[in-house]
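Structural overview for review
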Amino acid sequence: MKKFAKRGWKLGNPFGKVETTELIGIIGTGRGTGVTHFSVMTAGYLSGVMRMRCAVLEWNHHDSFSCMGAACSSGKKGENPFRVLETDYYSKAGIDTLLLCKKSGYHAVIVDYGTAKEGNLEEFFRCSRQFVIGSLSEWQIGEFLEFEKRGIKTEKSWDSLVSFGSEEARTSLEKRLKVPVRRIPFSIDPFSVTAETISFYEELF
């Protein structure tokens, strides 16, 4: 499976002209792998540290953003998009939302595609950066392994990440697949950017 080269982003100018919007797709190999959590974390790093104008799209049927908007947004109930810190969040997103965001001057648009079983793989593979999140828990590792093997066979390109499972299982899977499988830093609050998450994203991007 081919792997992405680092982008090497430099600090952005929130008010500067955006020549090309970076489209970042995030998808899980099953439910509960932490896709939405990681999407919010990524937006926090890109907007808070790299000073990039970011939007996060919920392109799935989980309706998590509606709940987040009600809990975190200072705007009116049901407002779409809503803003948390320096990032705009779009619930119930689709192709029209994506096209709108591409014309709206965002440096990066992060798309939460939910799980691979929801039928969003074709759109996911169109993203310039693709992150697949799996779990090494005994009841979920099978889905992760199956997805990774499919990628190797078809020579698809993405970065493989895990949030759950032992370090022994992670290193064993890396040796078995012969591709990097990075561990996402533990974070209770996805909106909080810590020294550990900064180091992780500097390596990732």
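This text goes with the structure placed above it.
Residues numbered from 1 in each chain as written. Predicted model: local features only at pLDDT ≥ 70, side-chain atom pairs only at ≥ 80, totals over all residues. Heavy atoms only, no water.

1. A look at the overall build of the protein
Selection rule: Working definition: helices are DSSP H or I runs of at least four residues, strands are E runs of at least two. Numbering for both runs from the N terminus. The buried label applies to any residue whose accessible area, calculated with a 1.4 Å probe on protein chains only, is under 20% of its type's maximum; exposed applies above 50%, and partly exposed to all values in between.
Summing up its helical and strand segments, the protein has seven helices and eight strands in all. A burial count over the protein gives 48% of its 205 residues as buried.

2. Considering the packing of aromatic side chains
Let me state the cut-off plainly: Pairing of aromatic side chains requires ring centres within 6.5 Å, counting the rings of Phe and Tyr and the six-membered ring of Trp. Pairs whose planes differ by under 30 degrees are stacked, by over 60 edge-to-face, and all others tilted.
As enumerated under the stated definition, the model contains 15 aromatic pairs in all. Taken together, a centroid distance of 5.1 Å and an interplanar angle of 75° make the contact between Phe-200 and Tyr-201 edge-to-face. What makes Phe-200 buried here is its relative accessible area of 10%. The exposure class of Tyr-201 is buried, given its relative accessible area of 1%. Three or more aromatic residues link up through ring pairs in this structure, and these residues are Phe-38, Tyr-45, Phe-131, Phe-200, Tyr-201 and Phe-205.

3. Overview of the sheet that holds strand 7 (residues 159-162)
Quick reminder of the rule: Pairing between strands requires that DSSP locate at least two bridges from one strand to the other. Here an angle of 0 to 180 degrees is reported between the N-to-C directions of two axes, which are lines fitted to C-alpha atoms, with helices fitted over the stretch in contact. It only takes one pair of heavy atoms within 4.5 Å for two residues to be counted as in contact.
Pairing in this open sheet of eight strands is mixed, and the strands run 3-4-2-5-1-6-7-8 from one edge to the other. The open sheet has two edge strands with one neighbour each: strand 3 (82-84) and strand 8 (181-183). Direction aside, the axes of adjacent strands within the sheet are offset by 25° on average. In the sheet, strand 1 (residues 22-28) pairs with strand 6 (residues 129-134) via five bridges, with the strands oriented parallel. Bridged to Gly-25 within strand 6 is Gln-130. Packed onto the sheet, helix 6 (residues 167-177) meets strand 7 and strand 8 and runs at close to 160° relative to strand 8. Against the sheet, helix 7 (residues 195-204) contacts strand 6, strand 7 and strand 8, and its axis sits at roughly 160° relative to strand 8.

4. Observations concerning unusual backbone geometry
Non-glycine residue Arg-51 carries a positive phi angle of around 60°. For Arg-51, a relative accessible area of 32% gives the class partly exposed. A positive phi angle, near 55°, is found at Leu-85, a position not held by glycine. On the secondary structure map, Leu-85 appears in the loop between strand 3 and strand 4 (87-90).

5. Re helix 1 (residues 35-48)
Put simply, the rule reads: Given the number of residues in a helix, its expected span is that number minus one, multiplied by 1.5 Å.
For helix 1, spanning 14 residues, the distance from its first C-alpha to its last is 20 Å, which sits close to the expected 20 Å at 1.5 Å a residue. Within helix 1, eleven of the 14 residues are buried, leaving the element largely enclosed by the surrounding structure. Inspection of helix 1 places Val-35, Phe-38, Ser-39, Val-40, Met-41, Thr-42, Ala-43, Gly-44, Tyr-45, Leu-46 and Ser-47 among the buried residues, and these make up the whole buried set.

6. Overview of the side chain of Thr-42
Mapped onto the elements of the fold, Thr-42 is located in helix 1. Apart from residues no more than four positions distant in its own chain, Thr-42 is found in contact with Ile-26, Ile-110, Tyr-201 and Phe-205.

7. Focus: the packing of helix 1 against helix 7
For clarity, the cut-off: Geometric relationships in this document are graded by angle, where less than 35 degrees denotes roughly parallel, more than 145 denotes roughly antiparallel, 65 to 115 denotes roughly perpendicular, and other angles denote oblique. Each residue gets one of three labels, nonpolar for Ala, Val, Leu, Ile, Met, Phe, Trp, Tyr, Cys and Pro, charged for Asp, Glu, Lys and Arg, and polar for the others, Gly among them.
One can describe the packing of helix 1 onto helix 7 by two numbers: an axis separation of 11 Å at closest approach and a directional angle of 85°. One element, helix 1, and the other, helix 7, form an angle in the roughly perpendicular class. Each of Phe-38, Met-41, Thr-42 and Tyr-45 in helix 1 lies in contact with helix 7, whose residues at this interface are Thr-197, Ile-198, Phe-200, Tyr-201, Glu-202 and Leu-204. Per-class residue counts for the contact of helix 1 with helix 7 are seven nonpolar, two polar and one charged.

8. Details of the environment of Ser-135
Going by this rule: What qualifies as a polar contact is a pair of N or O atoms within 3.5 Å, subject to a donor-acceptor requirement within protein and to the restriction that residues adjacent in sequence count only when both atoms come from side chains.
Summarising the element assignment, Ser-135 is placed in the loop between strand 6 and helix 5 (141-154). Sequence spacing of Ser-135 and Arg-170 is 35 residues, and the spatial spacing of their C-alpha atoms is 9.4 Å. Look past the residues within four positions of Ser-135 in its chain and what remains in contact with it is Thr-29, Thr-33, Gln-140, Ile-141, Phe-144 and Phe-164. Within the local environment of Ser-135, its side chain forms a polar contact with the side chain of Ser-137, the two groups lying 3.1 Å apart. Reaching out from Ser-135, the side chain makes a polar contact with the side chain of Gln-140 at a distance of 2.7 Å.

9. Let's talk about the pattern of salt bridges
For clarity, the threshold we go by: Salt bridges are identified by distance alone: a Lys or Arg side-chain nitrogen within 4 Å of an Asp or Glu carboxyl oxygen.
Throughout the structure, instances matching the rule amount to ten salt bridges. A salt bridge links Arg-129 to Asp-159, with the nearest nitrogen and oxygen atoms 2.7 Å apart. In this pair, Arg-129 sits in strand 6 while Asp-159 sits in strand 7, placing the two residues 30 residues apart along the sequence. As far as burial versus exposure is concerned, Arg-129 and Asp-159 are alike and both buried. When the shortest N-O distance is used, the salt bridge between Arg-170 and Glu-167 registers 2.5 Å. One end of the pair is Arg-170 and the other is Glu-167, both in helix 6 and three residues apart, which spans about a single turn. Connected via shared salt-bridge partners are Glu-167, Arg-170, Glu-174 and Arg-183.

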